[in-house]
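Listed below, chain by chain, are the residues.
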Protein chains: 2
Amino acid sequence: MMNVLSAEAKRELLTRGFTRRTFGRVATLISAGATLPFYNEAALAQLSMVQSKMPEDAVIINANENPLGPCNEAAEAMYSIVKKGGRYLYQLTFELQKTIAEQEGLKPNYVSVYAGSSAPLHQAVLAFCSPSKSFVVADPGYEAGGRAAKFIGAKVINVPLTKDYAHDVRAMVKADPNAGLIYLCNPNNPTGTLTPRADIDWALANKPKGSILMVDEAYIHISPHAVSAMDLAAADKDVVVLRTFSKLYGMAGLRAGFAAARPDLLEKIQPYSAGAMPVTAMVGASTSLKVKTLVPERRKIIGDVREDVFSFLDKHNYSYVRSESNKFMLDTKRPAREFVQAMAAHKIYVGRVWPAWPTYSRITIGTRDEMEKFKAALLKVMA
Amino acid sequence: MMNVLSAEAKRELLTRGFTRRTFGRVATLISAGATLPFYNEAALAQLSMVQSKMPEDAVIINANENPLGPCNEAAEAMYSIVKKGGRYLYQLTFELQKTIAEQEGLKPNYVSVYAGSSAPLHQAVLAFCSPSKSFVVADPGYEAGGRAAKFIGAKVINVPLTKDYAHDVRAMVKADPNAGLIYLCNPNNPTGTLTPRADIDWALANKPKGSILMVDEAYIHISPHAVSAMDLAAADKDVVVLRTFSKLYGMAGLRAGFAAARPDLLEKIQPYSAGAMPVTAMVGASTSLKVKTLVPERRKIIGDVREDVFSFLDKHNYSYVRSESNKFMLDTKRPAREFVQAMAAHKIYVGRVWPAWPTYSRITIGTRDEMEKFKAALLKVMA
């Protein structure tokens, strides 16, 4: 977790070693004393950082964070629990589990609460992939699962998005008869584009036997049109749905998320070092779920800023991929790493580059003020 | 993590299955789809609960929690970070790591920050123990490590405390030439008794080659006389020191702790699903460390209540083991499980029973008011 950059180098070395092995997965790593440096959005953003120290007035739009933070009601709930934090208060985790279950039409034991959704994503890769069971993911797609898969010697199959920037479920399903985990992020990260529910249903009906479909819905609340796959988890399908409170709910640093699936799948992705959950996050998440106006209000706030940025880009004839999320891919018409550095010189820290789309940089939607600064710098850098 | 009680039953079943196996450890479990339900203090307390629902006015002295909660300065720091929690704020974890390192005379890379100390304890067992490398622990001792060890098929060797209730380091070191991890909790849990530093040094000098000494100092701040082993970690010895903010610092539900050791040992116990840490806990812990009066003040508060309880017990000729911690072992002079139930009937929830000491119950030191209620119930139950 610490020293991300040196761990990165280590990971590369170790990956080469471990892909030659076929015996065991985690045990091999542990007995060899290897670190397991998997990454979440913030750590991946760090890897892409030009400088390690950012100035005080930096505009940070590189990690799909929500500058709004938690809503007032959630903040109040967190304030009020802090002084009681001398106790473990497990019941607050159970209450969150129950609230989620009620709202999503699930039985409580179909919900596992975590401190974010990175843990269940990584652990699902460890549970369902292996050197003989691959990880299938969109390209460009969220890299965390693929890094975990590579680390344990599982093949990562990157399947290009369709021309409409949806997951190419037909190609993904055909990619490997021994697929372990087929990972769909909807809306996709980094593109913020949607995959139709009919395609998700088709993937489920046609996926290789024994494989699991994971639908990562980290950004779903921000999109006006995305359709959740939660009902498939409720219906005992081979589906694991991930959700997080890190994005629309503005709780990335506070740590709450969950996995939803039938209990036998949830059991397989349980962590081996379960501990108590942070009570601040538990009450913040429970409270957020009860604020009925929160999702539509924030969807509108983020959407309005996003559409304003898109109007600006259209006006200046810049190329980008239309998104329904809090980030989008901008075609910088040059090696995008150069663009990232040029923007950083203006104290605008934009997101990283995917090898499949080397001229694109991922831009997170910040506040209106932040995006005005982004626009001003963009005009200079693109000139 | 969820459904602890049913997981308990499952664990028992699985343990029997897995101890017969010698191939692999975690991988075996994951490929078999097993849950890995390890336990922390709160979960263990839950297991010992007589009822699943406690009344509103229950006195909860069963999980070594600190009813004082975080100090005011830490609470203020947590309040002030909540609204910024829309970002991952990794730098707050690095700042905590740096503060710990400065205060403990360690290089920063000798410190790994976690959301509590359960994770590094469990992960150290996975890293250093195996079916051929045992886990050596005091009896009675904190059970979490032993549960993790049993679960992966590692032998657990319980070594009775000395007549002075110290760890019997000579017997522990001799217990198994293939020991993987020798675990000392100082002050010990559940007894709150000390192990002299000279004995820890002796254990280090004489332990089997290849074994690691873990010194769990979860309760060390509460004791006026315990001597830390932190300098041994700084000196590159085969020692891992655990600390938590859950006890004296009153942050059990807020989740912060750390492991200290030379970097190659820390790497071996890194989690496979590292994610961001809860920012509330990070600033709460950093701030707590900077409140210079906190440790002596709280040590005195807890110590005064404890000594008052001991005076009461002496006056009534009740038997107990003198402790320097926020808990002690009371000899109930009957099967202690009966005592636990009898106290629960008075809404006093006392701690669990260790098989080696079947007539003892572990009592956590609560507030003065809570302990008055404890005393009143005790007189009735012991009558």
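Asker: How do you make sense of the pattern of salt bridges when you look at a structure like this?
Answerer: Close approach of charged atoms allows side chains with opposite charge to pair. As enumerated under the stated definition, the model contains 40 salt bridges over all chains in all. Two residues, Glu65(B) and Arg87(A), come together in a salt bridge whose shortest N-O distance is 2.8 Å. Within this pair, whereas Glu65(B) is found in the loop between strand E1 (59-61) and helix H4 (72-82), its partner Arg87(A) is found in the loop between helix H4 (72-82) and helix H5 (90-104), the two belonging to separate chains. There is no split in this pair, since Glu65(B) and Arg87(A) are both buried. Residues Asp331(B) and Lys333(B) are paired through a salt bridge, measuring 3.5 Å at the closest nitrogen-oxygen approach. In this structure Asp331(B) comes out as buried when scored by relative accessible area, which is 8%. One network of salt bridges, with partners in common, ties together Lys207(A), Asp238(A), Arg262(A) and Asp264(A).

Asker: Just checking my understanding: could you explain H4(A) for this structure?
Answerer: In an α-helix there are 3.6 residues to a turn, and that puts residues three or four apart on one side. Along H4(A), the residues classified as buried are Ala74(A), Ala75(A), Ala77(A), Met78(A), Ile81(A) and Val82(A). Down the axis of H4(A), the smallest arc covering the buried residues is 160 degrees, so these residues share one side. Here the buried face of H4(A) lies against H5 and helix H12 (279-290) of chain A together with H4 of chain B.

Asker: Would you mind showing me how to read unusual backbone geometry here?
Answerer: Across the chain, the bulk of peptide bonds are trans and the bulk of non-glycine residues have phi less than zero. Residue Pro140(A) is reached from Asp139(A) by a cis peptide bond, and omega for that bond is 0 degrees. Mapped onto the fold, Pro140(A) is located in the loop between strand E3 (134-139) and helix H7 (144-151). Following Asn186(A), the chain continues into Pro187(A) via a peptide bond in cis, with omega recorded as -5 degrees. When you line up the elements, Pro187(A) lands in the loop between strand E5 (179-185) and helix H9 (197-206). Positive phi, close to 60 degrees, is recorded for Asn317(B), a residue that is not glycine. Here Asn317(B) is to be found in the loop between helix H13 (294-315) and strand E9 (319-320). Accessibility expressed as a relative area gives 68% for Asn317(B), which makes it exposed. A positive phi angle, near 60 degrees, is found at Lys333(B), a position not held by glycine.

Asker: Sorry, what's going on with the nonpolar core here?
Answerer: Considering soluble globular proteins, one finds that nonpolar side chains tend to be buried as a cluster. Membership of the largest hydrophobic core comes to 164 residues, with the highest contact counts inside it found for Phe374(A) and Phe374(B). Discounting residues that sit within four places of it in the chain, Phe374(A) has contacts with Ile61(A), Val309(A), Phe328(A), Leu330(A), Met343(A), Ile348(A), Val350(A) and Ile363(A).

Quick notes on the rules
- Residues numbered from 1 in each chain as written.
- Chains lettered and ligands numbered in written order.
- Predicted model: local features only at pLDDT ≥ 70, side-chain atom pairs only at ≥ 80, totals over all residues.
- Heavy atoms only, no water.
- Salt bridge = Lys/Arg side-chain N within 4 Å of Asp/Glu carboxyl O.
- Helix = DSSP H or I, 4+ residues; strand = E, 2+ residues; numbered from the N terminus.
- Buried < 20%, exposed > 50% of the residue type's maximum accessible area, 1.4 Å probe, protein only.
- Arc of directions from axis to C-beta.
- Contact = heavy atoms within 4.5 Å.
- Core = buried A, V, L, I, M, F, W, Y, C linked by side-chain atoms within 4.5 Å.

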